[in-house]
Every structure is written in structure tokens, then in C-alpha cells.
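# What the coordinates show
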Amino acid sequence: MNKADSQKRLTRNILSLTLVQIANYGMPLISVPVISRIIGPEKFGVINFAAAFIAYFTLLISYGFDLTATRKIAKDPTNEANRNKVFSEVFFTQLLLLALSTCVFLTLVYTVPRLQVDRTVMIFSYVLCISTVFTQNWLFQAMQDLSKVAIFNLLSKILFTIAILMVIQKSDDYIWQPLLFGLIQTLVGLSAFAWAIKRYKIKFLHVPLKRCLQVIWEERTIFFSLVVVNLYTTTNTFILGLYQTAEQTGYYTAGQRLIIIAQSVLTLPLTQALYPFIGKAFGEDRQQGLRVAQKIIPLIVLFTGAATLGMIVLGPIIISLFYGHKFDAAIPVFQILSLIPLIIALSNVFGIQIMLNLGMDKYFLRITALGSLLSISFNIFMIKEWGYIGTSFNWLMTEVFILLSMYLVLRRQGINPINLSYFTPSSFKEYLAPIKSKLFVR
């Protein structure tokens, strides 16, 4: 594949992933304003507390295969034997992890008093874990064929939005939200799973239990790095729900949700599409991979930085329009966290795009682990003192610490992730050209 074809595929994948993120987080722009006004901050907090708890299990089942399996196939996407092997190992390992997760989940919700209070919501939320096994988006990502992912995601979000607007009519109906979400995600996940098998002619191979356990052991570094990242993101919500009221959890998650929407639409399409692209560049030549990563940073600073300023200024209006005046207490959360998309976008380039592609997995794990430990330690204190506002500042400080740590480690290894020569108008034109041509083609 020549350079022009590679650029076209990269642009197509970025646009497809942008559609995925708009579907994932843009459709709630229709449903959440209606639902939040019906159920109020307290019930909104209960739903998000349950979601934070379930996130631990979806993380375990996913086990970082979005990164590790993608990397295995992206290096040689035409190798059918390798594709069948990796797909089979991932699927059967995830089934094993689902069984383990279910045992742990049932034990906790029937023995831990705080979880027993909202047991029905917890159980309904757990249905999402089933969909995780069948949602093999990592395969589409590895094959750099993401248009179908966009279609399946858009379909699931349209179905969920219609269903939730029809079902949630009064405050007590809030319990049905997680169940509808999990069922629809599972249905669409099964459809995508069947389509992927047919599209890539996947043949299931026998994977013994011993091999599944070996896969779990081999991929432990990336998994634990994702665990520690989860400790200072999702765990913030979980700890807040343990120490403060559901109403405070509702205020925090209201602001956080909008930040995650912004982060996903602005940065995730770029980073997910670039991971296999940059991985291939690093596979061919270390310096070439580094140059590609360096050229992405100015674009991130330009677009995400402008969006950050806009969110800070327009925060009060955005919260009021999206949730209503019952959620005005979420305005400072949104403004404090407005820097998060920019910081995470840069740390993704430093950590995932550069460190992981250069095999610096252990450095990545150590930095995120240290950040998580600091986050949990400070979070408990800050929640007790300042409630949900303390949680907001804690997340921001943790992300800043991780970004600076990654930069310093790379520099100590003789790698400069930032090349100021690419912060020029000509460089911007070079990398915007293929996107503009794709958007405005006649």
C-alpha cells in the first residue's frame, strides 16, 4: 500500500471513529436532557454509581485486548492463520473472564450492604458485561476497517434512545435504563460478531483452558496498566458514591459525562485510528513512527485546546441546557474538568502511541500505577473535605501528573515527543489536506 492509499485509509478510519463517538456520546444529547429532568440528580447518581461498579467487570472481561490483540494483528493483517488464532484466543479467554466476573459480582451484590441497597439496578447494569464478550471492535481496528463499527454503534444508540424515551416516564422508571442499555448493546454486539466472522472468514480454533490462562498471564502488563487508569477515573465515582450522597454523585457524573463526551468526540477517533497506523510506522522504522506521532501533537493542541476554552466559557449555559437548573451545582465540575480532553489526548500520544509501540509497557504501567495510588490517597481526603468538587480537582491533578511523568521518562530515554518545528502553518496544512479533501469531495 502506497503513502496516498495509507493516508486515505487513515482519514476514512478517523472519520468513521468520529461517527462512532458521535453515536456513543452524541445520541445522549437527545435522551439525557429529557431523562435527567424526569429522574433528578439523586436517581441519576444511583445509575452512575452502578455503572462505575460494573465498569470494573467490563474492564476485566475486555482485559486490554483492544490494545494487545489489535497490535498482534495490525502488524500482519493479511495473515489468516494468525487472525484465526488471535480471535479464538481472545473470545474464549473473555468467556472465561465473564464466568469469573459473574461469580464475583453475585457474591458482592448479595453480601455488601451498600450494594444491596441498589441491587436491582446493579443486576440490570451487569447485563452490559455480556455484550463485552461479543463486541470485538478491536478486530475492525486492527484491520483498519472501521466503517462498519460506526454503523453498528449508530444503530445501537438509535435503538437505545428510542427505547429509553418510550420507557422512562416517571422517576421510579430509572431502574430500566441500565437494563435497556445492556440488552440493546448485547443484541447489536451479537450482530457485529456474526458479521465479523463472515467478513474476515474467521475459523474458530480449539483453545484449551491452559492456553486461556497463558493469554491472561502474557497480557497482564497492559491489563494492569488499564486497571490503574480505571482507578483514577471510574473509581472516583465509586468512592464518591461510598462516602457522599447519591445527589452529590449525580452532580459530579453530570459534569463528568459531558467532559467524556467532549473527550470522545474530540480525541478518541484520532488516537484509536492512529494506533495501528503509527504501530505499523514504528514496525518499519523507529524514527518514522516517532515523526508521525510528533506531527499529530500540534493538531491536538490546536483543536482540543480551542474546544477547552469554549467549554470553560460556555460551561454554565451547557449544563443548564443539557440537564436543567436542578443540576446547576454541576457547573463547577464541568469547568474544572474542561482541561481533561486536552491533557488526555497528549498523554495518549506519549503513552499509548509512543511508549507502547516502543515496547515501554513497564514504564507506562509504573507511571499510571503511581498516578492511581496518589489519586486514591488524595481522593478519599478531598471527598471528605470538599465532596464532589474535591473529586473533580483530584482527577485533573492526576492527569497532569501522569502527562508530565510520561514526558520526563521519554526525555530520559532520549526520546523527544514534541518537535516544535511541526508547530507551523505549513505543517498544519499538510495534515489537514487529506481530511479536507475527504470531507469536501464532490
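Details of the structure are given in the entry above.
### Considering empty space enclosed by the protein
- The full count for this structure, using the stated rule, is 2 cavities of 30 Å³ or more.
- Each pocket or cavity is described by its volume, and for the second largest cavity that value is around 40 Å³.
- Considering the residues around the second largest cavity, the lining is formed by F65, A69, K72, V86, E89, V90, V215 and E219.
- When residues of the lining of the second largest cavity are traced back to their parent elements, those giving at least two are α3 (65-74) and α4 (80-109).
- When its residues are assigned to classes, the lining of the second largest cavity shows 5 nonpolar, no polar and 3 charged.

### Side note on the nonpolar core
- In terms of nonpolar packing, the biggest core is built from 114 residues, with F53, L139 and Y323 touching the most fellow members.
- Examining the composition of this core, we find that 14 residues originate from one element, helix α2 (residues 28-62), more than from any other.
- Look past the residues within four positions of F53 in its chain and what remains in contact with it is F105, L108, V109, L115, M122 and F238.

### Some details on the packing of aromatic side chains
- Taken as a whole, this structure holds 34 aromatic pairs when the rule is applied.
- Each ring, one from F53 and one from F57, has its centre 5.3 Å from the other, and the planes form 85°; the classification is edge-to-face. On the criterion of helical spacing, the pair formed by F53 and F57 is a turn pair, its members being 4 residues apart in helix α2.
- According to the relative accessible area criterion, F57 is buried, its value standing at 6%.
- Relative to F92, the ring of F91 lies with its centre 5.3 Å away and its plane at 70°, an arrangement referred to as edge-to-face.
- Overall, F91 belongs to the buried group, its relative accessible area being 9%.
- Given a relative accessible area of 29%, F92 falls into the partly exposed group.
- Through a chain of ring-to-ring contacts, the aromatic side chains of F49, F53, Y56, F57, F105, Y126 and F238 assemble into a single cluster.
- The ring of Y363 carries R366 above its face, with NZ or CZ at 5.9 Å from the centroid.

### Concerning helix α9 (residues 176-199)
- The end-to-end C-alpha distance of α9, which contains 24 residues, comes to 34 Å, matching closely the 34 Å that a straight helix rising 1.5 Å per residue would cover.
- The first or second residue beyond α9 is K201, which carries a positive phi of 50°.

### Regarding the environment of P41
- On the secondary structure map, P41 appears in helix α2.
- The exposure class of P41 is buried, given its relative accessible area of 9%.
- Considering only alpha carbons, one finds P41 and A254, 213 residues apart in sequence, at a separation of 8.4 Å.
- Those residues in contact with P41 that sit more than four places away from it in its chain are A246, E247, G250, Y251, K326 and F327.

### Considerations on the side chain of T308
- Its place among the elements puts T308 in helix α15 (residues 286-323).
- The exposure class of T308 is buried, given its relative accessible area of 4%.
- Reaching out from T308, the side chain makes a polar contact with the backbone oxygen of T304 at a distance of 2.9 Å.
- Look past the residues within four positions of T308 in its chain and what remains in contact with it is S338, L339 and L342.

### Concerning the pattern of salt bridges
- Per the counting criterion, the structure on display carries 7 salt bridges.
- Ionic pairing is found between D361 and R71, a salt bridge with its closest N-O pair at 3.6 Å. Taken together, the residues span a long stretch of sequence, with D361 in helix α18 (residues 361-412) and R71 in helix α3 at a distance of 290 residues.
- Given the relative accessible area of 15%, D361 is considered buried.

### So, unusual backbone geometry
- Phi angles above zero are rare outside glycine, and Y63 is one such case at about 55°.
- Among the secondary structure elements, Y63 is positioned in the loop between α2 and α3.
- Positioned with a positive phi, K201 is a non-glycine residue whose angle comes to about 50°.
- Tracing the backbone through its elements, the reader meets K201 in the loop between α9 and α10 (209-218).

### Remarks on the environment of S338
- Tracing the backbone through its elements, the reader meets S338 in the loop between α16 (331-336) and α17 (340-356).
- Separated by 76 residues in sequence, S338 and A262 have C-alpha atoms that sit 8.8 Å apart.
- When near neighbours in sequence (up to four residues on either side) are disregarded, S338 contacts I259, T308, M311 and I312.
- A distance of 2.7 Å separates a polar atom in the side chain of S338 from the backbone oxygen of F334.

### Structural notes on α4
- Spanning 30 residues, α4 covers 43 Å between terminal C-alpha atoms, matching the ideal 44 Å at 1.5 Å per step.
- Two to three positions downstream of the cap, the backbone nitrogen of A81 sits 3.2 Å from a side-chain oxygen, assigning the N-cap of α4 to N79.

Here is what the cut-offs are and how they apply
- Residues numbered from 1 in each chain as written.
- Predicted model: local features only at pLDDT ≥ 70, side-chain atom pairs only at ≥ 80, totals over all residues.
- Heavy atoms only, no water.
- 1 Å grid on protein atoms, 1.4 Å probe; cavity = no way out; pocket = protein on both sides within 12 Å on 5 of 7 lines; lining within 4 Å.
- Points joined across faces, edges and corners; volume = space filled by probe spheres on them.
- Helix = DSSP H or I, 4+ residues; strand = E, 2+ residues; numbered from the N terminus.
- Nonpolar A, V, L, I, M, F, W, Y, C, P; charged D, E, K, R; others polar.
- Core = buried A, V, L, I, M, F, W, Y, C linked by side-chain atoms within 4.5 Å.
- Buried < 20%, exposed > 50% of the residue type's maximum accessible area, 1.4 Å probe, protein only.
- Contact = heavy atoms within 4.5 Å.
- Phe/Tyr/Trp six-rings, centres within 6.5 Å; stacked < 30°, edge-to-face > 60°.
- Lys NZ or Arg CZ within 6 Å of the ring centre and 35° of its normal.
- Expected span 1.5 Å × (residues − 1).
- Polar contact = N/O pair within 3.5 Å; in protein donor to acceptor, adjacent residues only side chain to side chain.
- Salt bridge = Lys/Arg side-chain N within 4 Å of Asp/Glu carboxyl O.

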